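Reading the structure
Next come the chains, spelled out residue by residue.
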Amino acid sequence: MRAALVALAERIGASPVDLPDLAALHAAHRAILRFEAYRTHRELLRSDAARYGPRLRSALEEGAAVNEVAYRDALDMRSRAAADLTRILRDVDAVLLPVVPCVAPPLDPATGRAATAHELTRWTFLANLTGLPAVAFPVGAHAGLPLSLQLIGRPGEELSLLEAARAWTASA
């Protein structure tokens, strides 16, 4: 994945940028999602928890542990992250990131699932958290498994992101 990212960056003359603390932002994103999901589902969860699968029920229960102060702090982090990325995007056309941190992971034979969503979304959450437009696009394969990158751009410039992604995939 890193090789594809470096090759693309060199090819298009991209420069590295300093992103906000992604680990802290991922935790804030998770807190916001869990808090809001729990608040939406709490009555049904209390009255009929069996209607939820074990993974969703666990996520909703995590949301019950997120208090109002932690939620407000996470919302503040989200606002600062959006402002930080908007400032970065004043100087660059887009931010280029991997979609996932690895090639497609193998499935666990016992569960039939891949790595946790938490691990696989450690790059894609940023656009979701900040509300900035993003596009993911294929950049090749490794050992028969797909590799993809994403561009995060300025609000209102979705067409530019789509054109850049199309240009990359057409030339790959």
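Further up the page is the structure itself.
First, a word on scope: everything that follows refers to the structure included in this document. (Residues numbered from 1 in each chain as written. Predicted model: local features only at pLDDT ≥ 70, side-chain atom pairs only at ≥ 80, totals over all residues. Heavy atoms only, no water.)

With 24 residues, helix H4 (residues 68–91) should reach 34 Å at 1.5 Å per residue; the first-to-last C-alpha distance of 36 Å fits that figure. Where H4 is concerned, the buried positions are Tyr-71, Ala-74, Leu-75, Ala-81, Ala-82, Leu-85, Ile-88 and Leu-89. Looking at the buried residues of H4, the elements they touch are helix H2 (22–48), strand E1 (95–98), helix H6 (125–130) and strand E3 (145–152). The opening residue of H4, the one whose side-chain oxygen lies 3.0 Å from the backbone nitrogen of Val-69, is Asn-67. (Helix = DSSP H or I, 4+ residues; strand = E, 2+ residues; numbered from the N terminus. Expected span 1.5 Å × (residues − 1). Buried < 20%, exposed > 50% of the residue type's maximum accessible area, 1.4 Å probe, protein only. Contact = heavy atoms within 4.5 Å. Polar contact = N/O pair within 3.5 Å; in protein donor to acceptor, adjacent residues only side chain to side chain.)

Interhelical geometry of H2 versus helix H3 (residues 54–64) gives an angle of 105° and a closest axis separation of 7 Å. By the angle between their axes, H2 is roughly perpendicular relative to H3. Across the interface between the two elements, Arg-30, Arg-34, Phe-35, Ala-37, Tyr-38, Arg-39, His-41 and Leu-45 of H2 pack against Arg-57, Ala-59, Leu-60, Glu-61, Glu-62, Gly-63 and Ala-64 of H3. (Axes fitted to C-alpha atoms, helices over the stretch in contact; angles between N-to-C directions. Parallel < 35°, antiparallel > 145°, perpendicular 65-115°, else oblique.)

Let us now look at unusual backbone geometry. Not every positive phi belongs to a glycine, and Ala-143 is a case in point at roughly 55°. Inspection of the secondary structure puts Ala-143 in the loop between strand E2 (134–142) and E3.

We now examine the side chain of His-29. You can see His-29 is positioned in helix H2. Among the polar contacts listed, one links the side chain of His-29 to the side chain of Asn-128, at a separation of 2.9 Å. Apart from residues no more than four positions distant in its own chain, His-29 is found in contact with Phe-125, Asn-128 and Leu-129.

Let us look at the sheet that holds E3. Taken together, the three strands give an open sheet; going across it, the order is E1-E3-E2, and neighbouring strands pair in antiparallel fashion. Among the strands making up the open sheet, the edge pair consists of E1 and E2. The sheet shows a mean angle of 25° between the axes of neighbouring strands, direction not considered. Summarising the sheet, E1 and E3 pair through four bridges and their orientation is antiparallel. (Pairing = 2+ DSSP bridges.)

The final tally for this structure, using the stated rule, is one aromatic pair. On the numbers, 3.8 Å between centres and 15° between planes, the contact of Phe-35 with Tyr-71 is stacked. Separated by 36 residues along the polypeptide, Phe-35 in helix H2 and Tyr-71 in helix H4 bring together distant segments of the chain. Among the residues examined, Phe-35 registers a relative accessible area of 6% and is labelled buried. Since its relative accessible area comes to 10%, Tyr-71 is described here as buried. When the ring centre of Phe-35 is taken as origin, the NZ or CZ atom of Arg-39, which lies over that ring, is 3.9 Å away. (Phe/Tyr/Trp six-rings, centres within 6.5 Å; stacked < 30°, edge-to-face > 60°. Lys NZ or Arg CZ within 6 Å of the ring centre and 35° of its normal.)

Nothing here speaks to function; it is all geometry.
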